[in-house]
Amino acid sequence: MDFSIKTASEKNTLMTTRAGCIAVGVFENKQLSQAAAELDTAGEIAAALQSGDISGKPGSTLLLRNIKGVTAQRVLLVGLGSETSISAKDFSASAKSIAQVFSSLGAKDALIAIPLFEIKGKDVSWAMRSLVFSLYEKAYRSDSLKSKKEPAQGGVEKVAFHASASQAGAVKTALAQAIAIADGMNLTKDLGNLPPNICTPSYLADTAKELAAKYRFGIEVLDRKQMEALKMGSLLAVAKGSDEPPKFIVLKHMGGKAKEAPIVLVGKGITFDSGGISLKPGGAMDEMKFDMCGSASVLGTFLAIGEIGLKQNVIGVIASCENMPSGGANKPGDIITSMSGQTIEILNTDAEGRLILCDALTYVERFKPAAVVDVATLTGACVTALGHYNSGLFSRHDDAHDQLANELLAAGSMTDDPAWRMPIDDAYQEQLKSNFADVANIGGPPAGAITAACFLERFTKKYIWAHLDIAGTAWKSGATKGATGRPVPLLTLFLLNRAKAANNKK
C-alpha cells in the first residue's frame, strides 16, 4: 500500500480532489466535521445524517456515490462519536472501520480527511499510527506457503492523508514513523508465522544479515564454537538436543554519537520449543513456533529504526536455538555453568528461555549500555496473570530503573501496545534456591512469571535493565491464530522518545 500527504490549498480543495473515495467524519449529534461540511454544498451528506442512514456512532459508516459538485467518485462517511471530544477509543474504532471498507472497495485510491489533531489526550502521531496500523492489519496476509492462495479482495492501493499547509510537516513526520513501525510489525509477524522447519536459528541470522545490508547495520553472527569459546554453557545446554545449529546474533545501529552508551535490546529466539525432556503436551504444541517472537520483535524494531534513520546507538542481541528432546539433550537434575560463572540446576527443561537469555544478558555487559531491555515469550504464568492485553514488565525498584520502566510504560500507552509493571522483590528469589547449584531454573508454580524475571535479574547487576514477558501478547490462538507484531510499537517509540529527550538536552 502506498501512502502520501495531500495538502489543502485554494486550487486543491476537497471538492476538486480526484480520488476513488474520500473518507470524512460525522458525529453522533448529527453534526458534520469540517471536511464533511466542505463537501456538502448540495446538502446530501447532512440529509443522510438527519435521516438516520448513519448514526455517527464510532465506527459506523455509509458510502455515498456521485455527490453533486464533488469530483471524487465516492464519499465515505465515518462515525467519530462525540463532537465535543473525540476519544482515542472512538477514533480507533473509526480507523478500523475505514480499513475494513477500504479492503474491499472498488476504488484503487482514496483520501482520508478525518480530524487528526482533535483526539482527546493524543497527538497526530498517535492518530496516524492508529490509521496506518489498521490499514496494514487489514491488508496483511499469511498465506505465502499455500499452494492455492485466497483470491485478493481488491481494495484501495493508494491512500493519501488530507492536511492543511500548517499541519503538513507534522503529518508527514507522523506518517513516516507510522509506516516504519508498521513495516517492522509485518516483518515480526512474517517471522513468527513461518513454520519452524523454515524459520530456524540460521534463518533468523540470514534475516539479520539482510537488514544489516539494507540499513548499513553492523552485524556479527556467532556459531557454536565461538559460543563455546565464550563459555556460554547455559545457552549451549539448551541447544544440545537439536540438530539445528544455534546462532548468537548481534546487530548494531550506531546512529548516535561515537561515545554514546547504547540501548541494548535482547531477544529470545527459541525457534521451536518442544519442552525438551520435560515434554510439553501435544495440544497446541504447534504454537511453540512462536517462541522466537522476542527475537522477531527485535528484528522488526531494527527494521523500523533503520527506515526512520534513528539518531541513537542501538544494539540488538538475539540468542537463538531449538529446544528439543534427544539422547544428547539436557535433563532435569543437570547442573550447568553459565557465561557469568554462576551454576544453574535445571529442574525443568521447559524453562529454557531464561537459560539462553542469561548468557545473552552477561554478553551485553561489554557494550557498557545505557539500558538493556530483554524481550521474551517467557512464561505461561504471565498469560495467567495478565491475559492477552498487557505484556508483563519487570525491573528493579530504584530511581534509575523506575525511570526506565516508566519510559517503557509510556511508550506502550502511546502506541496501544500496553505493558503492566509487575513486582520483582528480593523475597521471590528464595524460591530459586538450590541445594546443589547457585540457582535453580524454576521456582515452582507460585508467581512463575516473577520468579522467571528474578532469575534473569541475577545476570543484570552491572547495568540498568528491564524485562518484557510477551507470552500473552506476541501471538493469537484459535481462528485468528498468528503473530501480532507486538511489542515493536512499544520498543520503537521508546527508542524514539529516548532520542528526542537526548536531543532536547543539547
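Residues numbered from 1 in each chain as written. Predicted model: local features only at pLDDT ≥ 70, side-chain atom pairs only at ≥ 80, totals over all residues. Heavy atoms only, no water.

## Some points on the overall build of the protein
And step 1. In terms of helices and strands, the protein carries 14 helices and 19 strands.
And step 2. Since a compact globule built from 506 residues should have a radius of gyration of about 23 Å, the 25 Å found for the protein is in line with a globular shape.
And step 3. In the protein, which comprises 506 residues, the share counted as buried stands at 57%.
And step 4. Considering only contacts in the protein between residues 6 or more positions apart, those separated by 24 or more positions represent 77%.
And step 5. On the protein, roughly 20,900 Å² of surface is accessible, and the fraction owed to carbon and sulfur atoms is 51%.
And step 6. In the protein, 54 positive and 51 negative side-chain charges are present, and the distance between their average locations comes to 4 Å. (Helix = DSSP H or I, 4+ residues; strand = E, 2+ residues; numbered from the N terminus. Rg over C-alpha atoms; globule rule 2.2 N^0.38 Å. Buried < 20%, exposed > 50% of the residue type's maximum accessible area, 1.4 Å probe, protein only. Contact = heavy atoms within 4.5 Å. Areas by Shrake-Rupley, 256 points an atom, 1.4 Å probe, with all protein chains shown as cover. Lys, Arg positive; Asp, Glu negative; His and termini not counted. Charge placed at Lys NZ, Arg CZ, Asp CG, Glu CD.)

## Section: the sheet that holds strand β3 (residues 61–65)
And step 1. Strands sit in the order β1-β6-β5-β2-β4-β3 across an open sheet of six strands; the sheet is mixed. Strand pairing shows two members of the sheet lacking a second neighbour, β1 (2–7) and β3, which therefore form its edges. Here the average twist between neighbouring strands, direction ignored, is 25°.
And step 2. Bridge analysis of β1 against strand β6 (residues 158–163) gives six bridges, and the strand direction is parallel. Of the residues in β6, the one forming a bridge with Lys-6 is His-162. (Pairing = 2+ DSSP bridges. Axes fitted to C-alpha atoms, helices over the stretch in contact; angles between N-to-C directions.)

## Re unusual backbone geometry
And step 1. Between Arg-486 and the following residue, Pro-487, the backbone shows a cis peptide bond with an omega angle of 5°.
And step 2. Secondary-structure assignment places Pro-487 in the loop between β19 (482–483) and α14 (488–504).
And step 3. Even without glycine at this site, Ala-284 takes up a positive phi of about 65°.
And step 4. Under the relative-accessibility criterion, Ala-284 is labelled partly exposed at 45%.

## So, the sheet that holds strand β15 (residues 419–421)
And step 1. If you trace the eight strands from one edge of the open sheet to the other, you get β7-β8-β10-β9-β13-β17-β14-β15, paired in mixed fashion. On the outer flanks of this sheet lie β7 (218–222) and β15, each paired with one strand and no other. Taken pair by pair, the neighbouring strands of this sheet meet at an average axis angle of 20°, ignoring direction.
And step 2. Each of β13 (371–376), β14 (391–395), β15 and β17 (465–469) touches helix α12 (residues 399–414); the most contacted strand, β15, lies at about 155° to it.
And step 3. Running at roughly 145° to β17, helix α13 (residues 448–457) makes contact with β13, β14 and β17 of the sheet.

## Some words on the nonpolar core
And step 1. Among the nonpolar cores identified, the biggest contains 52 residues, and Leu-299 and Val-373 are the most heavily contacted of them.
And step 2. In contact with Val-373, other than residues within four places in its own chain, are Val-264, Leu-265, Val-266, Leu-404, Leu-408, Ala-466, Leu-468, Leu-491 and Phe-494.
And step 3. Judged by nonpolar contacts, the second largest core, of 50 residues, contains Leu-236, Cys-321, Val-364 and Ile-450. (Core = buried A, V, L, I, M, F, W, Y, C linked by side-chain atoms within 4.5 Å.)

## Remarks on helix α4 (residues 124–139)
What sets the pattern is the α-helix's 3.6 residues per turn: residues three or four places apart point alike.
And step 1. Over its 16 residues, α4 runs 23 Å from end to end, which matches the ideal 22 Å to within 8%, given 1.5 Å per residue.
And step 2. Where α4 begins, the capping side chain belongs to Asp-123, and its oxygen is found 3.2 Å from the backbone nitrogen of Ser-125. (Expected span 1.5 Å × (residues − 1). Polar contact = N/O pair within 3.5 Å; in protein donor to acceptor, adjacent residues only side chain to side chain.)

## Let's talk about the pairing of β6
And step 1. Most of β6 sits out of view: five of its six residues are buried.
And step 2. Inspection of the sheet shows strand β5 (residues 109–112) paired to β6 by four bridges, in the parallel sense. Bridge pairing in β6 links Asp-109 to Lys-158.
And step 3. A crossover links β5 with its parallel partner β6, the connecting element being α4, and its sense is right-handed. (Right-handed = clockwise from strand over helix to strand, strands pointing away.)

## Remarks on helix α3 (residues 88–104)
And step 1. The terminal C-alpha atoms of α3, which comprises 17 residues, lie 25 Å apart, in line with the 24 Å expected from a rise of 1.5 Å per residue.
And step 2. Most of α3 sits inside the fold, with 12 of its 17 residues counted as buried.
And step 3. Those residues of α3 that fall on the buried side of the exposure criterion are Ala-88, Asp-90, Phe-91, Ser-92, Ser-94, Ala-95, Ser-97, Ile-98, Ala-99, Val-101, Phe-102 and Ser-103.
And step 4. For α3, the elements touching its buried residues are β2 (21–26), β3, β4 (74–79), β5, α4 and β6.

## Side note on the pattern of salt bridges
And step 1. In total, this model carries 16 salt bridges according to the counting rule given.
And step 2. The partner of Lys-268 in a salt bridge is Glu-352, with the nearest N and O atoms 3.4 Å apart. With a gap of 84 residues between them, Lys-268 in strand β9 (residues 263–273) and Glu-352 in the loop between β12 (343–345) and α10 (353–363) connect regions that are remote in the sequence.
And step 3. Overall, Glu-352 belongs to the buried group, its relative accessible area being 2%.
And step 4. Lys-433 serves as the salt-bridge partner of Glu-430, at 3.0 Å between the closest nitrogen and oxygen.
And step 5. Of the residues examined, Lys-433 reaches a relative accessible area of 57% and is grouped as exposed.
And step 6. Beyond isolated ion pairs, a larger network of salt bridges with shared partners links Lys-268, Asp-291 and Glu-352. (Salt bridge = Lys/Arg side-chain N within 4 Å of Asp/Glu carboxyl O.)

Interpretation in functional terms is not warranted from these geometric data alone.
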